[in-house]
Protein chains: 2
Amino acid sequence: MAIFPEYQQLVDQKRAKQASLIPPEWRLPKAITDKVSPSSNASAFDLMLEHQILTKEELDITENYTAAALVKSMAAGNLTSLEVTTAFCKRSAVAQQLTNCLTEIFFEKAFERARQLDEYLAKEGVPKGPLHGLPISIKDTYMVEGEYATISYVSKLKLPTATSNSAIVDILLEAGAVLYVKTTVPQTLFVCESFNSIFGTTLNPHRLSLSAGGSTSGEGVLVAFRGSVLGVGSDIGGSARVPALANGTYGFKPSSNRLPYGGQQEILRKGWPGIMPAAGPLASSAEDLTLFTRTVIEARPWLHDATAYHIPWRSVPKKDRLVVGFFPGDELFPVFPPIARALSTAVDKLKAAGHTVKRLTCPPLIAILTTAARSFALDQSGRFGGWLAEAGEEPIKAVSDLIAQMHSGADDISLESVWQFTAEREDILEESAKIWRENELDVLLTPGARGTAVPHGNFGMPIYSIPWNLLDVVGWRFEDEEVLNATEVISEVLNN
Amino acid sequence: MAIFPEYQQLVDQKRAKQASLIPPEWRLPKAITDKVSPSSNASAFDLMLEHQILTKEELDITENYTAAALVKSMAAGNLTSLEVTTAFCKRSAVAQQLTNCLTEIFFEKAFERARQLDEYLAKEGVPKGPLHGLPISIKDTYMVEGEYATISYVSKLKLPTATSNSAIVDILLEAGAVLYVKTTVPQTLFVCESFNSIFGTTLNPHRLSLSAGGSTSGEGVLVAFRGSVLGVGSDIGGSARVPALANGTYGFKPSSNRLPYGGQQEILRKGWPGIMPAAGPLASSAEDLTLFTRTVIEARPWLHDATAYHIPWRSVPKKDRLVVGFFPGDELFPVFPPIARALSTAVDKLKAAGHTVKRLTCPPLIAILTTAARSFALDQSGRFGGWLAEAGEEPIKAVSDLIAQMHSGADDISLESVWQFTAEREDILEESAKIWRENELDVLLTPGARGTAVPHGNFGMPIYSIPWNLLDVVGWRFEDEEVLNATEVISEVLNN
């Protein structure tokens, strides 16, 4: 990596500052951290066991509760927010030392906030909100007042800290959450990798030599490692789902425009006419995906941010018997054995539990991917490259490939390209809706990626997640309630 | 108008055929029809009184019921669908002879359908659906199996009749409606006038020399004249609201993508990336706007058409006390005295009834209109002009002006224009949401046009309706339930 001297200094300062924010008593011995590198086959879970930093109670808090259960325990006075916050801060500090998954660390603010919430509960006798006292981690792209949002660009180290919160941050705080860390994203955010020039490589906790996926890289790692029980990501092509899959946790891309996306660090160029991104949670359980989504929507996010549509949360009863569409993969991009095995196990278990599984022939992925690629090519401003060049950052291979792809055939990209993209998407939506209608589907079971986690730098195009951005989720669009219900039902079947 | 000989013949045939579809016993004497012309100051309501065709019962049915009341009476067996259908067919035949508001006439099919519905009720003991037996008129753009959809273009007279129904037509039929006529639209559909080269000029029933407005021209006239109790229109810049206002009835543009818009005759070029159109009802009462919208949404239109979002109908209680934002107009385009008077009367009555009215300073209309104009300029395909030229149709002045405006600065219209349009709209939406939040508004009271009906050919740009297409309705987007509730509450206050 060739980085201009000035920026190397900024990066060094940033990383030194970041390291200093981990309290000395939470630091791992050098004997352990020496084993951490992007080429190591070690497991962060194993390394953690070599030096006990968390108390027995803290291990219990971080490993044996869902977010919903933690909130319940805190509201009942069985746990304090300070205890819970301390446990997750500690564990996230361990995660950071073993996987490099954090960008901003603000434990002291979190403790102060947790104390205030504990006092609030003691005084008022009722919790502050549906997320009372719960530590929540958040992707670096979201603005948290007083914190940086460098979103992978060395050049953005020169920007001041945020002077206000993203809409979703305001809502989470209003609901009683405690923020304590922000998490890493890959260079440019538009690749499913986990390297950036400021913070280096985020490592997969199961095997450090594997990528954490992206772009919600750090969040995927932190939640899988139980350094967070609930995290906020985002997704325009797989950015919440791929890291969930790569690290082994739950991720959800809601229908776009249901959760507020506004007030983030600039990612997409303003006026973006293509496939819309969505904010979405990562969690250790399906029920926590619902808790998060319901809480944010019940806060009427449209009052905070015009990117959120006025579609109130609906309380929908769970179906005892689902009709699950099963898309085993596309023959041009056959899934690898672990994915095929996981899917076929799921199908067997779902059938055994009395659900109907209908194997589908979906429209060829290549057509959907071609249309999606048209969307990404609509930004010909060359901003990514510009921001990288500003600091002399060298693009990683995935980013070079992306930039080349975005600008291939650039001469032919014009106003007509928008019409073509929109028209093709209409057809795909209508064709897909027809399949749904005819099969009376509740939800789709589909590969989230061609394989499981891959070595750093080798993910390639997120073939199996992009289509559901174009189609806007694996259920009926805006029926996120039904999709989350189905996810809970399926998750219960698979975990039994 | 210079029309190629072949097409003049097609037009003549079409109009002769149309005239023949009015049963002889429903024809008005020549002494009356001689008084009908676009330059006459006569009133169709007065002319109708000169020759009684409708029976006393038919006058009662067409004048003294809401759609909801008619459905109730038919379901209770107090009226048959055949009686109701006959009354509206007759009155629509009178309307046609006095105002020229129809395109397709299919009374015989309507009688047959009404008889079937009466039999259904007699046999099953329950109505077919929430619109059981109700005659509904429909804008020419919607496809009705076996009928033409020329949408104003002489060249489209050569197309065959529809082989399937538009999604919304299927839903209305499933709900028990009886279709009997299709209604006129202006040349190209993109002007608020009421002339087209096939059917000539649609006349305002209050004064024939005035325009019916557009583009849902015929529907506005027919509903105002009580030749229909409920009609289906559409709106991308005022097309449902302007004719409602010009003819004196109720019109509603729901949030786009709530009612199904699919399967219509081609109007917008496929892949349209601009402001989205919406299907919407015209009716003689606010409660019938709700009846229509609720019925269509409760039919889960997304199962029929991917243009309808999966946003279920919500039963929302009516508010006793509304907070009404009042936008009296923009000083660059001051409203004319009748509009100002209507608005100030409304404000007084609302206040007297205990509602809160907050006078607002809205963002300048000119900025919103400029952004909206960018949207319309995105179609540089010249299709309107092409379709007109195909039959040698000469554009009316409003259409020439429109085409000139769409193509002005065409060299600068590019992919960047889409970005610019989308970015500006984002800002306007956010700015508008801010006003709504700060004032805690339920709904907006705003001019629907600068004035009331104008002489034929003089409407100009729909300055006061386009902004609410850009913003997507006068309430919170997708809170159509709340907007309809507020409309009912306000309507009751004004009518008392």
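Residues numbered from 1 in each chain as written. Chains lettered and ligands numbered in written order. Predicted model: local features only at pLDDT ≥ 70, side-chain atom pairs only at ≥ 80, totals over all residues. Heavy atoms only, no water.

### Regarding the interface of chain B and chain A
With 36 residues of chain B in contact, the opposing surface of chain A contributes 36 residues. Carbon and sulfur atoms supply 60% of the area that chain B and chain A bury against each other, a total of about 3400 Å² over both sides. Of all residues in chain B, the largest losses of buried area upon contact with chain A belong to H310, L415 and W419 of chain B, amounting jointly to 23% of the total for that side. Run the count over chain B and chain A and you get six salt bridges. Residues R300 of chain B and E479 of chain A are paired through a salt bridge, measuring 3.5 Å at the closest nitrogen-oxygen approach. On the surface where chain B and chain A come into contact, there are 14 residue pairs in polar contact (both at pLDDT 80 or more). Tallied by class, the residues present in the side of chain B that touches chain A amount to 18 nonpolar, five polar and 13 charged. (Contact = heavy atoms within 4.5 Å. Buried area = accessible area lost by both parts, 1.4 Å probe. Salt bridge = Lys/Arg side-chain N within 4 Å of Asp/Glu carboxyl O. Polar contact = N/O pair within 3.5 Å; in protein donor to acceptor, adjacent residues only side chain to side chain. Nonpolar A, V, L, I, M, F, W, Y, C, P; charged D, E, K, R; others polar.)

### Regarding the UniProt feature "binding site: substrate" (unreviewed entry) in chain A
All names here are of chain A. Mapped onto this numbering, the UniProt entry annotates "binding site: substrate" (unreviewed entry) at L189, S215, I236, G237, G238 and S239. A compact arrangement is adopted by the annotated residues: their sequence extent is 51 residues, whereas the largest C-alpha distance between any two is 11.0 Å. Assignment of secondary structure puts S215 in the loop between β5 (200-201) and α9 (217-224). Setting aside residues no more than four positions away along its own chain, G238 makes contact with G214, P243, S465 and N469. (UniProt positions renumbered as here; feature names shortened; annotations may be inferred. Helix = DSSP H or I, 4+ residues; strand = E, 2+ residues; numbered from the N terminus.)

### Details of the sheet that holds strand β7 (residues 250-251) of chain A
Residue and element names in this part refer to chain A. The strand order β1-β3-β2-β6-β8-β7 describes an open sheet built from six strands, whose pairing is mixed. Strands with a single pairing partner mark the edges of an open sheet, and in this sheet they are β1 (102-105) and β7. In the sheet, strand β2 (residues 135-139) pairs with strand β3 (residues 178-183) via four bridges, with the strands oriented parallel. Within β3, the residue paired with P135 across the bridge is V178. Each of β6 (230-235), β7 and β8 (278-283) is contacted by helix α11 (residues 286-298), which is oriented at about 140° to β8, the strand it contacts most. (Pairing = 2+ DSSP bridges. Axes fitted to C-alpha atoms, helices over the stretch in contact; angles between N-to-C directions.)

### Quick notes on the UniProt feature "domain: Amidase" (unreviewed entry) in chain A
Under the UniProt annotation, the feature "domain: Amidase" (unreviewed entry) is placed at residues 83-472 of chain A. For residues 83-472 of chain A, the end-to-end C-alpha separation is 39 Å, with 38% helix and 11% strand making up the annotated structure.

### Brief notes about the sheet that holds strand β11 (residues 443-445) of chain A
By way of backbone hydrogen bonds, the strands of a sheet pair with one another, either parallel or antiparallel. All names here are of chain A. Within the open sheet, the three strands sit side by side as β10-β9-β11. Their pairing is parallel. Either end of the sheet is taken by a strand with one partner, and the two such strands are β10 (356-359) and β11. Between one strand axis and the next, the sheet turns by 35° as a mean value, whatever way the strands run. Inspection of the sheet shows strand β9 (residues 323-326) paired to β11 by three bridges, in the parallel sense. The residue bridging V324 from the neighbouring strand is V443, located in β11.

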